[in-house]
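Close look at the chain arrangement
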Amino acid sequence: MNFIILFEDAPQTDPSIRKNHMPQHLSFLERHAPKIEAAGPLSDPERQGRDGLWLVDVDSIEDAESLIKEDPFWETGLRASYSIIPWRLVFSAGSRLI
């Protein structure tokens, strides 16, 4: 089942947390491919990374929550909240999927 996970970063968090923990975060993402199909920060008006978005393919919302809690960013306090949104892929790579 496909889900979009939207993260909101904690506004009071030191901006260096993302930079300092990025190597561990990227290793985590690599270990959990192909469940985590895509991931990346969103951009603010100054083009700095903030918040985040994942596209995941897991069996349940509970599986998605488990991935979130395993992410090295989670324990740093960088993430203030997250939303898990079921998503139905109907078009990809130039082709209809339905």
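See the structure shown above.
Heads up: these notes are all about the structure in this document. (Residues numbered from 1 in each chain as written. Predicted model: local features only at pLDDT ≥ 70, side-chain atom pairs only at ≥ 80, totals over all residues. Heavy atoms only, no water.)

**Thoughts on the overall build of the protein**
Convention followed: Numbering of helices and strands starts at the N terminus; helices are DSSP runs of H or I of at least 4 residues and strands are runs of E of at least 2. Each residue's exposure class comes from its accessible area (1.4 Å probe, protein chains only) as a fraction of the maximum for that residue type: buried when under 20%, exposed when over 50%, partly exposed otherwise. The contact definition used throughout considers only heavy atoms, calling two residues in contact when any of these lie within 4.5 Å. Accessible surface is estimated by sampling points in the Shrake-Rupley manner with a 1.4 Å probe; for residues, cover comes only from the protein chains shown. None of His or the chain ends enter the tally, which takes Lys and Arg as positive and Asp and Glu as negative. Charged groups are reduced to one reference atom each: NZ for lysine, CZ for arginine, CG for aspartic acid, CD for glutamic acid.
A count of helical and extended segments in the protein gives three helices and six strands. Reading the secondary structure of the protein in the N-to-C direction produces β-α-β-β-α-α-β-β-β. Viewed in the frame of its principal axes, the protein has a C-alpha envelope of about 45 × 30 × 20 Å. Looking at the 98 residues of the protein, the share that counts as buried comes to 32%. Across the protein, the fraction of contacts at a sequence separation of at least 24, relative to all contacts at a separation of at least 6, is 64%. Carbon and sulfur atoms make up 52% of the accessible area of the protein, which amounts to about 6,400 Å² in all. The averaged location of the 16 negative side-chain charges in the protein is 6 Å from the averaged location of its 10 positive side-chain charges.

**Section: a nonpolar patch on the surface**
The line we're drawing: Think of a patch as exposed residues, more than 30% relative accessible area, with no salt bridge, where like charges cluster within 9 Å and nonpolar side chains (Val, Leu, Ile, Met, Phe, Trp, Tyr) cluster within 5 Å. Whenever Lys or Arg places a side-chain nitrogen within 4 Å of a carboxyl oxygen from Asp or Glu, that contact is recorded as a salt bridge.
Together, Trp87, Leu89, Val90, Phe91, Leu97 and Ile98 make up a nonpolar patch on the protein surface, roughly 560 Å² of accessible area in all. By secondary structure assignment, the location of Trp87 is in the loop between strand S4 (79-86) and strand S5 (91-92).

**Comments concerning a negative patch on the surface**
A surface patch of like charges, here negative, comprises Glu37, Asp57, Asp59, Glu62 and Asp63. The topology assignment puts Asp57 in strand S3 (residues 49-57).

**What to know about the environment of Ser43**
Following the sequence through the fold, Ser43 ends up in strand S2 (residues 36-43). Between the C-alpha atoms of Ser43 and Phe91, which are 48 residues apart in sequence, the distance is 25 Å.

**Brief notes about the packing of aromatic side chains**
Where we set the bar: Stacked, edge-to-face and tilted are the three classes for Phe, Tyr and Trp ring pairs, Trp counted by its six-membered ring, which pair at centre distances within 6.5 Å; planes under 30 degrees apart are stacked, over 60 edge-to-face, the rest tilted.
This structure, assessed with the given rule, holds three aromatic pairs. Judged by centre distance (4.9 Å) and plane angle (70°), the ring pair of Phe7 and Trp54 falls under edge-to-face. Of this pair, Phe7 sits in strand S1 (residues 2-9) while Trp54 sits in strand S3; the two residues are 47 residues apart in sequence, bridging distant segments of the chain. Across the pair, exposure class does not vary: Phe7 and Trp54 are buried alike. Between the aromatic rings of Phe28 and Trp54, the centroid separation amounts to 6.0 Å while the plane-to-plane angle is 35°, which identifies the pairing as tilted. Taken as a pair, Phe28 in helix H1 (residues 16-31) and Trp54 in strand S3 lie far apart in primary sequence, 26 residues in all. No difference in accessibility class separates Phe28 from Trp54, as the two residues are buried.

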